[in-house]
Amino acid sequence: MSEDPVRLTADRNRLTEWVSQFGDAVRGYIFSITQNVTLTEDLTQETFCRIWQTRHKYTEQGTPKAYLFRVADRICMDHFRKNRKEVNLDCENWADIKVSDHTQAPFYRMENQEELVRLRTAMQELSISQQRVLSLRYFSQMSFSEIAEVLEMPLNTVLSHAHRGLALLKKQILND
């Protein structure tokens, strides 16, 4: 059975728009969870492949951004569940997601690198749920209600993870 060419074109255009509009943010979120460039590329590709394969099931509910991040989050969690390990943020790859600013003086860049190392170390101490919430909030610029939709958690749970995670980060960074 062949697909309706008009619907196929509409689906292809929608996916192209989503990749263009949200692809980098999805990749950044996945990287913040995996901390592995190769795995990030694989899981990002798997996310968009899964969206394409299940396009006939997609209905407009909520925002496309929340839908994409929910699929990406599930793919990440499935990957770690299958491999029975959780990957926390590590020092080596954190700089890959930081946009470099070549206009800063070397002293300021060095100071920023030291701050990033402290942040990376502190992030490793957070639970995976806290890391997921904070990554979506600060790397993907999502509102707490969008994060609740993506992670399928109550808003108060998301707020609690964010509050506790930020409190732990503050405590760890100030104690260094």
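Everything below is about the structure shown above.
Quick caveat, the model's predicted, so the values are computed rather than measured.

Mapped onto the fold, D73 is located in helix α3 (residues 64-83). A relative accessible area of 4% places D73 in the buried class. The sequence separation of D73 and L151 amounts to 78 residues, and the corresponding C-alpha distance is 7.3 Å. Once residues lying within four places of it in the same chain are set aside, the contact partners of D73 are Y29, R132, V150 and L151.

A separate point is the packing of helix α1 (residues 5-34) against helix α6 (residues 128-138). For the pair α1 and α6, the least separation of the axes is 10 Å and the interaxial angle reads 150°. Classed by the angle they form, the pair α1 and α6 counts as roughly antiparallel. In this structure, α1 meets α6 at a crossing whose hand is right-handed. Residues Y29, S32 and I33 of α1 form the contact with α6, whose participating residues are R132, S135 and L136.

Glancing now at the nonpolar core. Core analysis: the largest hydrophobic core is formed by 37 residues, its most contacted members being V26, I51, L136 and L151. Within the residue set of this core, elements represented by two or more residues are α1, α2 (37-53), α3, α5 (106-123), α6, α7 (144-151) and α8 (155-175). The element best represented in this core is α3, accounting for 10 residues.

So, on to α7. Helical geometry note: an α-helix holds 3.6 residues per turn, so side chains three or four residues apart project in the same direction. Along α7, the residues that are buried comprise E146, I147, A148, V150 and L151. Next to the buried residues of α7 lie α1, α3, α6 and α8. Within two residues after α7, E152 carries a phi angle of roughly 50°, on the positive side.

Turning to the side chain of T47, a few remarks are in order. Summarising the element assignment, T47 is placed in helix α2. Other than its neighbours up to four places away in sequence, T47 contacts V26, I30, L68, V71, A72 and I75.

The next point concerns the packing of α6 against α7. As a packed pair, α6 and α7 sit with axes 10 Å apart at the nearest point and diverge in direction by 130°. Regarding the angle of α6 to α7, the classification is oblique. As α6 runs across α7, the sense of the crossing is right-handed. Between α6 and α7, the residues in contact are R132, V133, L136 and R137 and F144, I147, V150 and L151, respectively.

Within the fold, R70 resides in helix α3. A distance of 2.7 Å separates a polar side-chain atom of R70 from the backbone oxygen of E149.

The next point concerns the packing of aromatic side chains. Counted according to the given criterion, the structure contains two aromatic pairs. Cation over ring: R55 sits above W52, and NZ or CZ is 3.8 Å from the ring centre. Sitting over the face of the ring of F144, R137 holds its NZ or CZ atom 4.2 Å from the ring centroid.

Its 20 residues place the ends of α3 29 Å apart at the C-alpha level, agreeing with the 28 Å of an ideal helix rising 1.5 Å per residue. In terms of burial, α3 is largely enclosed, as 14 of its 20 residues are buried.

Let us now look at the pattern of salt bridges. What the rule picks out here adds up to 10 salt bridges. Note that D11 and R7 form a salt bridge whose closest N and O atoms lie 3.6 Å from each other. Of this pair, D11 and R7 both sit in helix α1, four residues apart, roughly one helical turn. Residue class for D11 comes out buried when judged on its relative accessible area of 6%. Of the charged contacts, one joins R81 and D78 as a salt bridge, the two residues approaching to 2.7 Å between their closest N and O atoms. Of this pair, R81 and D78 both sit in helix α3, three residues apart, roughly one helical turn. According to the relative accessible area criterion, D78 is partly exposed, its value standing at 26%. Where salt bridges share partners, they join R7, D11, R14 and R55 into one cluster.

So, how was this worked out
Residues numbered from 1 in each chain as written. Predicted model: local features only at pLDDT ≥ 70, side-chain atom pairs only at ≥ 80, totals over all residues. Heavy atoms only, no water. Helix = DSSP H or I, 4+ residues; strand = E, 2+ residues; numbered from the N terminus. Buried < 20%, exposed > 50% of the residue type's maximum accessible area, 1.4 Å probe, protein only. Contact = heavy atoms within 4.5 Å. Axes fitted to C-alpha atoms, helices over the stretch in contact; angles between N-to-C directions. Parallel < 35°, antiparallel > 145°, perpendicular 65-115°, else oblique. Left-handed = near helix turned anticlockwise from the far one by under 90°. Core = buried A, V, L, I, M, F, W, Y, C linked by side-chain atoms within 4.5 Å. Polar contact = N/O pair within 3.5 Å; in protein donor to acceptor, adjacent residues only side chain to side chain. Phe/Tyr/Trp six-rings, centres within 6.5 Å; stacked < 30°, edge-to-face > 60°. Lys NZ or Arg CZ within 6 Å of the ring centre and 35° of its normal. Expected span 1.5 Å × (residues − 1). Salt bridge = Lys/Arg side-chain N within 4 Å of Asp/Glu carboxyl O.

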